Amino acid sequence: MANYPELKGKVAVITGSSKGLGRAIGERYAKEGMSVVLNYRSSEKEMEEVIRAIEAGGGKAVAVKGDVSEEGLAEKMIEKAISEFGKMDIFVNNAGVQVEAKTHEMEFDNWKKIIDVNLNGTFLGVRAALKYFVEHEIEGNIINMSSVHEVIPRPGYTHYAASKGGVKMFTKSVALEYAPNHIRINAIAPGAIDTPINEETMSDPEEKKGLEALIPSHVIGKPEQIAAVAAWLASDESSYVTGTTIFADGGLSLYPSFGPENK
Ligand code: NAI
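Residues numbered from 1 in each chain as written. Predicted model: local features only at pLDDT ≥ 70, side-chain atom pairs only at ≥ 80, totals over all residues. Heavy atoms only, no water.

Undergrad: Help me get a handle on the overall build of the chain, residues and values and all.
TA: Scanning the chain from terminus to terminus reveals eight helices and seven strands. The C-alpha atoms of the chain give 18 Å as radius of gyration, which agrees with the globular expectation for 263 residues (18 Å, within 12%). If you line up the chain on its principal axes, its C-alpha atoms span 55 × 40 × 35 Å. By residue count, 50% of the 263 residues in the chain fall in the buried class. For the chain, the computed accessible surface area is about 13,300 Å², with 53% contributed by carbon and sulfur atoms. When the 28 positive and 37 negative side-chain charges of the chain are each reduced to one mean point, those points stand 2 Å apart. (Helix = DSSP H or I, 4+ residues; strand = E, 2+ residues; numbered from the N terminus. Rg over C-alpha atoms; globule rule 2.2 N^0.38 Å. Buried < 20%, exposed > 50% of the residue type's maximum accessible area, 1.4 Å probe, protein only. Areas by Shrake-Rupley, 256 points an atom, 1.4 Å probe, with all protein chains shown as cover. Lys, Arg positive; Asp, Glu negative; His and termini not counted. Charge placed at Lys NZ, Arg CZ, Asp CG, Glu CD.)

Structure (structure tokens):
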């Protein structure tokens, strides 16, 4: 489905896009007529499959291998966008990880890994994109993948919640800093979406039922529903939107315990 004609010919960079939400955003952007630079950390086979799927649909995609928490990857992706497609219009900081651990038992390395990928990786992507946009006087667009856990506390994943809370305030602060340059920076906060990150929950019928019960709409989201938000944020339809988080969560962030079913 192509809804935004103005996106045709634009170029997007999307981190962590060999599967899950990053893949869905890449596929949706390609359907809108955009060229995409994708990124994978280890699985070349998975990445090739995504590129083949995009090309089969008539889209253009290339990939760069690398870890978002390492300095230099974001710049490499932008260089690839320029060498392959001549420019970069939209940078999506999507890559993210989570590992469960009780806080009093959490290895410092575990804490650092989550902050490194989810928060430091976002900083590195935003910095590289801003540098390119400012130097070339481009009114660019940056989208950061946050989570409902930028506002909902998450026991067992306190480092994840801290990283997404950080993404929220970083997004707002940087949006304010670059509003005079007409560079828009927003975040998306998905609720529970059916991607490989939730494989364990989704493959256990009892856990899946429990998760559905927790969501006010009782529906687990699809990656395409998040990609639709990323398409709208990239489009001119959201041209006056900056520094905000769009929640796409079936109502998960609405204090479900106050819902009509709990009266
Ligand atoms: P996923 O695990 O299915 O995919 C994550 C992608 O990021 C993969 O392609 C993986 O290879 C890549 N990645 C991980 N670490 C990386 C690194 N250091 N460098 C480069 N790439 C790396 O996860 P999913 O669900 O697609 O998540 C994408 C984003 O959405 C994450 O930031 C996650 O926190 C966020 N999110 C997901 C939700 C969900 O329910 N699926 C809910 C809320 C937020």
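Undergrad: Tell me about the nonpolar core, and please be specific about residues and values.
TA: With 33 residues, the main nonpolar core has I25, Y29, V36, L38, I90 and I188 as its most contacted residues. Excluding anything up to four places from it in sequence, V36 contacts A12, I14, G26, Y29, I54, K60, A61, V62 and F85. Core analysis: the second largest hydrophobic core is formed by 32 residues, L73, V117, A128 and A175 among them. (Core = buried A, V, L, I, M, F, W, Y, C linked by side-chain atoms within 4.5 Å. Contact = heavy atoms within 4.5 Å.)

Undergrad: I'd like a rundown of the pattern of salt bridges, residues and numbers included.
TA: Side chains that differ in sign of charge can pair as their charged atoms come close. In this structure the tally under the stated criterion is eight salt bridges. Note that R28 and E32 form a salt bridge whose closest N and O atoms lie 2.8 Å from each other. Note on R28: relative accessible area 9%, which makes it buried. Several salt bridges share partner residues, and in doing so they unite R23, E27 and E49 into one network. (Salt bridge = Lys/Arg side-chain N within 4 Å of Asp/Glu carboxyl O.)

Undergrad: Before we move on, can you summarise the site of the ligand with the specific residues and values?
TA: Close contacts around the ligand come from 29 residues, with L21, D67, N94, Y160 and T195 the closest. Between the ligand and L21, the relevant distance is 2.7 Å, taken from an oxygen atom to a main-chain nitrogen or oxygen of the residue. Here an oxygen atom of the ligand and a backbone polar atom of G191 are 3.2 Å apart. Coverage of the ligand by the protein amounts to 95% of the 820 Å² it exposes when considered alone. Contributing elements (two or more residues each) for the shell around the ligand: α1 (20-31) and α5 (158-178). Its residues placed into classes, the shell around the ligand shows 12 nonpolar, 13 polar and four charged. (Near = heavy atom within 4 Å. Polar contact = N/O pair within 3.5 Å; in protein donor to acceptor, adjacent residues only side chain to side chain. Nonpolar A, V, L, I, M, F, W, Y, C, P; charged D, E, K, R; others polar.)

Undergrad: Quick rundown of the packing of aromatic side chains? Include the residues and the values.
TA: Inspection of every chain in the model, using the stated rule, returns two aromatic pairs. Ring geometry for Y132 versus F133: centroids 6.0 Å apart, planes at 55°, classification tilted. The ring of Y157 carries R154 above its face, with NZ or CZ at 3.7 Å from the centroid. (Phe/Tyr/Trp six-rings, centres within 6.5 Å; stacked < 30°, edge-to-face > 60°. Lys NZ or Arg CZ within 6 Å of the ring centre and 35° of its normal.)

Undergrad: Which residues make up unusual backbone geometry, and what values do they have?
TA: Backbone phi values are negative for most residues with the exception of glycine, while trans is the configuration of most peptide bonds. With phi around 50°, E137 is a residue other than glycine that occupies positive phi space. When you line up the elements, E137 lands in the loop between α4 (108-135) and β5 (141-145). Not every positive phi belongs to a glycine, and H182 is a case in point at roughly 60°. Structurally, H182 is set in the loop between α5 and β6 (184-190).

Undergrad: Requested: an account of the environment of N118, with residues and values cited.
TA: With respect to the helices and strands, N118 occurs in helix α4. Classification of N118 as buried rests on a relative accessible area of 1%. For N118 and S146, which are 28 residues apart along the polypeptide, the C-alpha to C-alpha distance reads 8.6 Å. Beyond its immediate stretch of four places on either side in the chain, N118 contacts A95, G96, V97, Y160, S163, K164 and V167. Reaching out from N118, the side chain makes a polar contact with the backbone nitrogen of V97 at a distance of 2.9 Å.

Undergrad: Break down the sheet that holds strand β7 (residues 245-248) for me, citing the residues and quoting the values.
TA: In spatial order, the strands read β3-β2-β1-β4-β5-β6-β7; together these seven strands make up an open sheet with parallel pairing. With one partner strand each, in any of the chains shown, β3 (60-65) and β7 form the two edges of the open sheet. Recorded for the sheet is a direction-independent mean angle of 20° between the axes of neighbouring strands. Where strand β2 (residues 35-40) and β3 come together, six bridges link them in parallel fashion. If you follow Y40 over to β3, its bridge partner there is K65. The strands that α1 touches are β1 (11-14), β2, β4 (90-93), β5 and β6; relative to β1, the one it contacts most, it runs at about 170°. (Pairing = 2+ DSSP bridges. Axes fitted to C-alpha atoms, helices over the stretch in contact; angles between N-to-C directions.)

Undergrad: Tell me about the packing of α1 against helix α2 (residues 44-56), and please be specific about residues and values.
TA: Direction vectors running N to C along α1 and α2 enclose 20°, while the axes themselves pass 10 Å from each other. Of the possible angle classes, the one that applies to α1 and α2 is roughly parallel. Crossing geometry of α1 relative to α2 is assigned as right-handed. Touching R23, G26, E27 and A30 of α1 are E49, V50, A53 and I54, all from α2. The residue makeup of the contact of α1 with α2, split by class, is four nonpolar, one polar and three charged. (Parallel < 35°, antiparallel > 145°, perpendicular 65-115°, else oblique. Left-handed = near helix turned anticlockwise from the far one by under 90°.)

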